[in-house]
Amino acid sequence: MAERYWQKEIETASREEIKAIQDERLVKTVKHVYDNVEMYRKRMDEAGVKPEDIKSIDDLHKLPFTTKQDLRDNYPYGLFAVPTKDVVRLHASSGTTGKQIVVGYTKHDLDVWDEIAARQLYAVGADENDFIHVSYGYGLFTGGFGLHGGAGKIGATAIPVSSGNTDRQITILQDFGSTVLCCTPSYAMYIAEQVKAKGIDPKTLPLRAGIFGAEPWTEEMRHQIEEMLDIKAYDVYGLTEIMGPCVSYECSEQTGMHVNEDHFIVETIDPDTGEVLPYGTPGELVFTCITKECCPFIRYRTRDIGVLTIDKCSCGRTFVKMTKPKGRTDDMLIIRGVNVFPSQIETVLLRMGYSPNYKIFVDRVNNTDTLLVQVEMTEEMFSDTVTKIKEHEKALEGELRSLLGIGADVQLVAPGSIERSMGKAKRVEDKRKLIGG
Amino acid sequence: MSIRQISVFVENKQGSLVKITDVLASESIDLRAMSIADTQDFGILRLIVSDTDRALEVLRKENCIVTETAVVGARLRNEPGALATVVRVLSENGINMEYMYAFNGATPHHAYVVLRVDDNDKVEALLLDSGIKTITEEQVSEI
Ligand SMILES: [Zn+2]
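Residues numbered from 1 in each chain as written. Chains lettered and ligands numbered in written order. Predicted model: local features only at pLDDT ≥ 70, side-chain atom pairs only at ≥ 80, totals over all residues. Heavy atoms only, no water.

J.: In this structure, what is going on with the overall build of chain B? I would like to understand it.
T.: Secondary structure assignment for chain B yields five helices and seven strands. Across chain B, helices and strands are ordered from the amino to the carboxyl terminus as β-α-β-β-α-β-α-β-β-α-β-α. Taken over C-alpha atoms, the radius of gyration comes to 16 Å for chain B, in line with the 15 Å a tight globule of 143 residues would show. Considering only C-alpha atoms, chain B reaches an extent of 45 × 30 × 25 Å along its principal axes. The buried share of chain B, reckoned over its 143 residues, is 48%. In chain B, 14 side chains carry a positive charge and 22 a negative one; their mean positions are 2 Å apart. (Helix = DSSP H or I, 4+ residues; strand = E, 2+ residues; numbered from the N terminus. Rg over C-alpha atoms; globule rule 2.2 N^0.38 Å. Buried < 20%, exposed > 50% of the residue type's maximum accessible area, 1.4 Å probe, protein only. Lys, Arg positive; Asp, Glu negative; His and termini not counted. Charge placed at Lys NZ, Arg CZ, Asp CG, Glu CD.)

Set out below in structure tokens:
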């Protein structure tokens, strides 16, 4: 099938054209925030940067970063660049720690959001004939409304199921004929498990694609979901602070997500020094919004670690691609001095044939960090002899040690005993934090 | 000739075992024999039941992790030294035994023993040569 684009002209524009658009929009945005947001005016003044000094994206590095703490400090509306009479929607994100943050959207901002979500849907082959089953939560969380808006834009049929009530999700998949499922990868996995448990052959479902995001997941998990639901599983990226889902979107090649560069400038930086890194080097993803009216954050530090690439993509899109983020710097665990991402553990588990239902426990015993990985037993790993099971456990522990660089204990638990998530899965329990460690 | 054994993964958690036996009881599946291998983290419950296919089906439906193994079942006279004979036959022939467990039948004259070995046919032949009868799956349901 020939590749289809929602907005071919911009999605396949030359790099020069993209840069020209970014130059112009950045200059305009910097002036907008300088004139309308006290924090940006102060910060730029302190840094000795005038809006006139920003002539193109080559000057981007002169601008100060924006952090989540800035959003908290200016809660609720302190960073809005338009009067609240122009704001037509609010979304918020609570995060696991600290005060919630709130962002606003003007009518124009929502149009942009719908547009980038439409690009995502077209990129996975959807059009007005499709039924878009949205199982992201609807509410202050941006997940539900993002894809919902995109479905409306392309004239598809949106099914706003929201998250939860998995039996009903499956009934709707069957009866309403959903063709594209949108939810977190962990919830997709749970739906897949339940489809299997009910003895439903996935081939009998009209479902053919999934758009999964809002939490880090692995390639191995993608393969497993694709196999269990008999679909193509695509990655989508976004965060409330920048827009919501579809800041970047995956195409048919499935090797990373194209950043909507006509709306967002993306950079990778060294998270410790703030130094800008070249393409191809893993670093913290930083986004600058260049078309938003209400919350056009400048150089927003996502704390997500990813890699940018500019190689030619087989889909024909020319936007920079970002890899699936390995995880947030916030999710990174430092265990016995070694950096560990939960996604690395997931990679090992799935590669070794275990289920993606796992939980990581970190503790400190006698001043030494301990790492315990609980994973559900599968029929393939089970045996009537203790020796065989212990062999499997040892093999898994060996793999974990070689990939993580530290030892981990493995505990096999009964299927279904690890709590399932309808939204973002809680994979880690770090008990060290409870004792102020 | 071998008989069918079901193994069930049991978490070391209160109630895990009861759940399994309750499921079988509610389906009127009789337990002929039962043994449990315990480790620090988990247990393996091994069962010989009256209706293996149905037991597998209901346990799987209850989300249990199960596996089926062909094991040797031997019928012994219920008298001292009978089990020792079995063990001696195996050891004299260099048979490596993973595990074994014994159970009683309905009549007081016989006891049964389940043997988990690599080569069931070979072990059954050795036992027969020593005058020890082995049982078939059909005979299990009659015990
Ligand atoms: Zn592409």
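On we go.
J.: It is not clear to me how the interface of chain B and chain A should be interpreted in this structure. Could you clarify?
T.: Chain B puts 22 residues into the contact, and the matching count from chain A is 20 residues. Summed over both partners, the interface of chain B with chain A buries about 1600 Å², with 61% contributed by carbon and sulfur atoms. Three residues, F9, D41 and I65 of chain B, lead the burial of chain B against chain A; their summed loss comes to 34% of the area buried on that side. Linking chain B to chain A there are two salt bridges. The tally of links between chain B and chain A comes to seven residue pairs in polar contact (both at pLDDT 80 or more). Listed by contribution, the elements that provide at least two residues to the side of chain B that touches chain A are β1 (3–11), β3 (42–49), β4 (66–77) and β5 (97–104) of chain B. With five residues, the single largest contributor to the side of chain B that touches chain A is β1 of chain B. (Contact = heavy atoms within 4.5 Å. Buried area = accessible area lost by both parts, 1.4 Å probe. Salt bridge = Lys/Arg side-chain N within 4 Å of Asp/Glu carboxyl O. Polar contact = N/O pair within 3.5 Å; in protein donor to acceptor, adjacent residues only side chain to side chain.)

J.: When you look at the confidence of the model for chain B in this model, what are you seeing that I'm missing?
T.: The predicted coordinates of low-pLDDT regions are not to be read in fine detail. When pLDDT is averaged along chain B, the result is 90; 100% of the residues meet or exceed 70. Interface confidence for the predicted complex, given as ipTM, is 0.90, next to a pTM of 0.79. (pLDDT = per-residue confidence, 0-100.)

J.: Even after reading the chapter, I still don't get the coordination of the zinc ion, so can you show me in this structure?
T.: For a metal bound by four donors in tetrahedral geometry, the ideal donor-metal-donor angle is 109.5 degrees, whereas six donors in octahedral geometry ideally sit at 90 or 180 degrees. All names here are of chain A. All of the protein donors around the zinc ion are C251 (SG), H258 (NE2), C313 (SG) and C315 (SG); their distances to the metal are 2.1 to 2.2 Å. Considering all four donor atoms around the zinc ion, the spread of angles at the metal, 103 to 113 degrees, places the coordination shape in the tetrahedral class. On the primary sequence, the residues serving as donors to the zinc ion are separated as C-x6-H-x54-C-x1-C. Here the residue H258 occupies a position in strand β9 (residues 257–259), and C315 occupies one in the loop between β13 (308–309) and β14 (321–322), the gap between them amounting to 57 residues. Side by side, H258 and C315 carry an identical accessibility label, which is buried. (Donors = N, O, S within 2.8 Å, 3.2 Å for Na, K, Ca; no water. Tetrahedral: all angles 85-135°; square planar, octahedral: opposite > 155°, others 65-115°.)

J.: I tried to follow the environment of A214 of chain A on my own but got confused; where do I start?
T.: Residue and element names in this part refer to chain A. With respect to the element layout, A214 can be found in the loop between β6 (209–213) and α9 (219–229). Judged by its relative accessible area of 31%, A214 falls in the partly exposed class. Expressed as a C-alpha distance, the spacing of A214 and M377, which sit 163 residues apart in the sequence, is 27 Å. With sequence-adjacent residues up to four places away left out, A214 is seen in contact with Y136, F141, T184, V236 and K424.

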